[in-house]
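A look at the structure
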Amino acid sequence: MCSSNFCQVRRDASAQVAQSFYLPGVAPQDFKKGDAIYLKVNKLSSIRTQLPYQYYSLPYCRPEKIVPFAENLGEVLRGDRIENSLYQIHMRVDEQCKVLCRIESLSEAQADAFIAKVDDDYKVNMILDNLPVAMVKILKDESGRQLKAYERGFMTLILDNLPVAMVKILKDESGRQLKAYERGFYVGFKATIEGQKDIKFFLHNHLRFNILYNRDAATDLSRIVGFEVEAFSVNHQYEKPWDPKAPVLKTCNPNRMVAVSHTQPPQPVETGAEVIFTYDVKFTQSEIRWASRWDTYLQMTDDQIHWFSIVNSVMIVLFLSGMVAMIMVRTLYRLLSWILSGMVAMIMVRTLYRDIAKYNALEAQEEAAEETGWKLVHGDVFRPPENASLLSTYVGVGVQIFGMLLVTTFFALLGFLSPSNRGGLMTAMVLMFVCMGVVAGYRGVAGSVGGGCACVLMFVCMGVVAGYSAARLYKTFRGDQWKKMTMRTALLFPGTVFGVFFVLDLVIWGQKSSGAVPFGTLVALCFLWFGVSVPLVFVGSYYGFKQPAAEDPVRTNKIPRQIPEQPWYMHPVFSCLVGGVLPFGAVFIELFFILTSVWLHQFYYLFGFLALVFVILCLTCAEITIVLCYFQLCSEDYNWWWRSYFTSGSSALYLFAYSAFYFYSKLDITKFIPMLLYFTYMATISYGFFCLTGTIGFYACYWFTRKIYGAIKID
C-alpha cells in the first residue's frame, strides 16, 4: 500500500517517462456529413502461426477491381497488404443490416480455407482513417471491477486509415472508464453443438462498426477518433427468391425491428453452405480529440512492473558501480574526481592513491620482483590479439548496431515513430544501420593495426560509423590489410542476416503467405546494402585508417610473458558465462514486453522505459566487463581483448534461452514452420544482441586498461 500523494507522484512520473511526445503520422482529415469514408482491408494475422495472409486469400466479398495501396518498406517486411473493400460508409450516416454480398454455396476449397483460418485463430485487420479496427473485451481488475479494452479485428480491416478493433472497458482508481484496444477480430470460432462430439466451425459474417467522431460545432466538420467492431455469426434467412438489388432479410431487418444478436443460430462453415455477409454502421459522438485518438490503443495499465524492473536494474548497476569504484580507487586517482562522489569515493581514492604511490616508489629490482598482479603484465597487456582483424570487424558491427538503436530510440522518444506510421520504425532502423557502417569501419582499422522501415534506414545509414570504428581499432592493432577487414565489416553481419532472411522468405513463400517479401523489395534491400551501406563502410574505413594509431600507454615486450596456471573460476568459459548474467538480468523484464509486442501482435510504445533500460544495459555491460577484466589481469592473464568482448556478449546466450522459455510458456505455436520462424528469428536477434553488448564491454575494458596502465611509471 502507498499514500495517495506518493501514488499520484508515481503515476505522474510514469506518464512523463513512458508517454513521450507524440507526433501523428498523418494530418487530420475533416469530413462533412455524408462524405464517403473508405474502409481498407489489411492482412489476416495469427499469433499461433505468425504467418500473415492477404485479406482476399479467403473468399470474402471482393470489389470488381482490387486496388492495393502504397506501402513503405517496413509495411512490406511486416507482411501488411492494404487493399480496398466493398464496405460503404458515409460520415454520420448510420446503417443497419446492409448486405455486402452473398455466396450461394461454399465450395470445398472455400470451406477448407475458412476452416483452416478459424482453426488457427486468425484475425481480420481493417483500417479507417489510419486507425486499426478493434474488438471489445470485458476484463476485470484485482478488485473485480469491469475493464474494457479493444482487441483488433476478427480480420484486419481499415476505414479512413483506422484499423477496426474490438473494445475493452477499463476503469481507473477514481472509477472513470478507460478504453484499451486489442486490434482485429476473429475470422470465426469453433465449438461443439450440444449432443454432438464433433467440433463445428462457424464464420463471423456480420460486423457492427461503431465509429467514434469528434464534431466541430462551428464548422459542422467531424474527425474520426475511434474505430470499433463487434463480430457476429448469424445464419441469415431471407424472403425467397433472393433479390440481389433489394434483398429482404428475416434475421436482420430494421423495418421489422429485427437486429442481429449472439442468440441467433450461427453461420456454419461447410461445403454447400450459403453465406450472406452483412454489416451495421453506427456513429457515436465523442469528446476525444483527434490528437489523442491513439491513446486508447496505447493505454498502459501495468506500469508498476516496469518501475519494479527499473529499480531492480538500478540496484544491479549500483552493486557493480561499487565494485568498479573499489577497483578504480586501487588503480587510479585522477579519474575518481568525476566518476565517484561521496564517502565511497573518498575511501576508494585513498586506497588507489596509496597503491599507485607504492608501486611508483619502487627503486630496487628486488622489490619489483616481489610485485604481483596486474602491474607485472604491463609489457604484454597491449599485445595485439589473435584474429585482430575479425575482432575489429565485430567491434565495428557492434558500433553500427549501437548507433542504430541510439538514434532510433531518440527519434522514438520524440514521437516521430508513432504507430500511426505503420512500418516506420523498421524502415528507419535499417537506414541508420547502413549509414553507421562508415564509423564501424573506421574503428576496426585502427584497432587491428595497433593490436519496419526506420530500422532498415537507420541500419543503412550507420554503415559510416561501422567503417570508421573498425578501421581505427584495426590500425591500433598494427594491421595492414584494412581493405579485407573493411569488406568483412560490410558483409559479415548483414550477409548473415540477409542469408537467414532469404531462406526463411522462401519458406514463407512456399506457404503462400503475404509475409513473403516480394522480389522487388529484395532487390531494394540489396541496393541499400551494396549501393549504400558497403560504400559508406569503405568511406568510414578510409578516413579511419588515415588517422594516426592511438599510442599505447606502455611499451609491449618483444617476448610474450608466460601466463601462470589459472584457478578454475578464472577459466574463460566460466568467466564469460558469469559475466553475461547481470546484463541479461537488467533487461529481461522489459524483454518480456518486447517479445509480447512482437509475437502477440500488441503495440509497444513505452519508449521512455525502453530508453532507461538501454542506458542501464550499457552501464551493466561496461561495469561487469571491467570487474572481470581486473580480476583476469590480477591473475597475470593479459589475453583480455577477446574475453572482454565475450564477457558481456555472452548475455545473448541467456536472451536466446529466455526466448525458448517464453515460447513454451506463453505462445501457442504447434506447427513446424511457425516454430522454425520463431527460433530462427530469435537466434538472429540474439546474434545482434551479442555484437551490441560485446562491443560495449570491449570499449569499457579498453578504456579501463589504458587508464590504469597510463597512471603507473614504467622504466
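Quick note: structure is the one above.
Heads up: these notes are all about the structure in this document. Since this is a predicted model, take the numbers as computed values, not measurements.

Next up on the list: the side chain of H236. Within the secondary structure, H236 sits in the loop between β14 (222-232) and β15 (267-268). Within the structure, the side chain of H236 is placed 2.6 Å from the side chain of T251, a separation counted as a polar contact. Leaving out residues up to four positions away in the same chain, H236 has contacts with N205, H206, L249, T251, C252, V260, Q267, I276 and T278.

So, on to unusual backbone geometry. In this chain, K240 is followed by P241 through a cis amide linkage whose omega measures 0 degrees. Within the secondary structure, P241 sits in the loop between β14 and β15. Phi at R92 takes a positive value of approximately 60 degrees, unusual for a residue other than glycine. On the secondary structure map, R92 appears in the loop between β2 (88-90) and β3 (95-103). We classify R92 as buried; its relative accessible area is 17%. A positive phi is found at M257, a non-glycine position, where the angle reads about 60 degrees. Residue position: M257 is located in the loop between β14 and β15.

A separate point is the side chain of S597. Here S597 is to be found in helix α16 (residues 581-599). Setting aside anything within four residues of it in sequence, one finds S597 in contact with Q602, F603 and Y604.

With that out of the way, let us pick up the packing of aromatic side chains. In this structure the tally under the stated criterion is 52 aromatic pairs. Centroid distance Y87 to Y279: 5.0 Å. Interplanar angle 70 degrees. Geometry classified as edge-to-face. Within this pair, whereas Y87 is found in the loop between α2 (73-78) and β2, its partner Y279 is found in strand β16 (residues 275-285), the two being separated by 192 residues in sequence. Plain terms: the ring middles of Y658 and F661 are 6.1 Å apart, the flat faces sit at 40 degrees to each other, and that makes the pair tilted. With Y658 and F661 both in helix α19 (residues 651-666), this residue pair falls 3 residues apart, about one helical turn. For Y658, a relative accessible area of 13% corresponds to the buried category. Of the residues examined, F661 reaches a relative accessible area of 53% and is grouped as exposed. A connected cluster of aromatic rings, assembled from ring pairs, spans Y394, F493, W642, Y645, F646, Y687 and F690. If you follow K117 out to its NZ or CZ, it ends over the ring of Y122, 5.6 Å from the centre.

This part covers a nonpolar patch on the surface. Where nonpolar side chains cluster on the molecular surface, the patch consists of W568, Y569, F574 and V578 and spans about 450 Å² of accessible area. Looking at the secondary structure, you find V578 in helix α15 (residues 572-579). In this structure V578 comes out as partly exposed when scored by relative accessible area, which is 38%.

The α-helix advances 3.6 residues per turn, and as a result positions three or four apart in sequence lie on the same side. Of all the 9 residues making up helix α18 (residues 641-649), 8 are buried; the element is thus mostly covered by neighbouring parts of the structure. All of the buried residues in α18 are W641, W642, R643, S644, Y645, T647, S648 and G649. In this structure, the buried side of α18 is in contact with α8 (388-414), α15, α17 (607-634), α19 and α20 (672-710).

Across the sheet, 3 strands lie side by side as β11-β12-β15; this open sheet has antiparallel pairing. Bordering the open sheet on either side are β11 (188-192) and β15, each of which pairs with just one other strand. In terms of strand pairing, strand β12 (residues 199-203) meets β15 through 2 bridges, oriented antiparallel. The residue bridging L203 from the neighbouring strand is Q267, located in β15. Contacting β11 and β12, helix α3 (residues 108-119) crosses the sheet at an angle of about 100 degrees to β12.

Okay, the state of the cysteines next. Using the criterion set out here, one finds 2 disulfides in the structure. Covalent S-S linkage joins C97 and C252, the inter-sulfur distance amounting to 1.7 Å. The sign of the S-S torsion, about -85 degrees, decides the handedness of the disulfide formed by C97 and C252: left-handed. Placement of the pair is C97 in strand β3 and C252 in the loop between β14 and β15, with a sequence separation of 155 residues. Taken individually, C97 and C252 each receive the classification buried, so the pair is uniform in this respect. Free cysteine C621: the closest other cysteine sulfur is in C618, separated by 6.8 Å.

On to the environment of L131, then. If you trace the backbone, L131 turns up in strand β5 (residues 130-140). Expressed as a C-alpha distance, the spacing of L131 and I224, which sit 93 residues apart in the sequence, is 8.7 Å.

One side chain can pair with another of opposite charge once the charged atoms of both are near each other. Using the criterion set out here, one finds 17 salt bridges in the structure. The shortest N-O distance in the salt bridge between D30 and R223 comes to 2.6 Å. One end of the pair, D30, is in the loop between α1 (4-18) and β1 (36-45); the other, R223, is in strand β14, and 193 residues separate them in sequence. On the basis of relative accessible area, D30 is assigned to the partly exposed category, the value being 38%. For K43, the salt bridge is made with D80, and the minimal N-O distance between the two is 3.0 Å. A residue pair is termed long-range when its members are at least 10 positions apart, and K43 in strand β1 and D80 in the loop between α2 and β2 qualify at 37 residues.

Of all 11 residues making up β16, 8 are buried, and the element is well covered by its neighbours. Here β3 pairs with β16 via 6 bridges, running antiparallel. Following the sheet pairing, C101 is matched in β16 by F277. Relative to β16, strand β13 (residues 206-215) is paired through 8 bridges, and the arrangement is parallel. Its bridge partner lying in β16, N210 is registered against K282.

Definitions and limits used
- Residues numbered from 1 in each chain as written.
- Predicted model: local features only at pLDDT ≥ 70, side-chain atom pairs only at ≥ 80, totals over all residues.
- Heavy atoms only, no water.
- Helix = DSSP H or I, 4+ residues; strand = E, 2+ residues; numbered from the N terminus.
- Polar contact = N/O pair within 3.5 Å; in protein donor to acceptor, adjacent residues only side chain to side chain.
- Contact = heavy atoms within 4.5 Å.
- Buried < 20%, exposed > 50% of the residue type's maximum accessible area, 1.4 Å probe, protein only.
- Phe/Tyr/Trp six-rings, centres within 6.5 Å; stacked < 30°, edge-to-face > 60°.
- Lys NZ or Arg CZ within 6 Å of the ring centre and 35° of its normal.
- Patch = residues over 30% accessible without salt bridge, like charges linked within 9 Å, V, L, I, M, F, W, Y side chains within 5 Å.
- Areas by Shrake-Rupley, 256 points an atom, 1.4 Å probe, with all protein chains shown as cover.
- Salt bridge = Lys/Arg side-chain N within 4 Å of Asp/Glu carboxyl O.
- Pairing = 2+ DSSP bridges.
- Axes fitted to C-alpha atoms, helices over the stretch in contact; angles between N-to-C directions.
- Disulfide = S-S within 2.5 Å.

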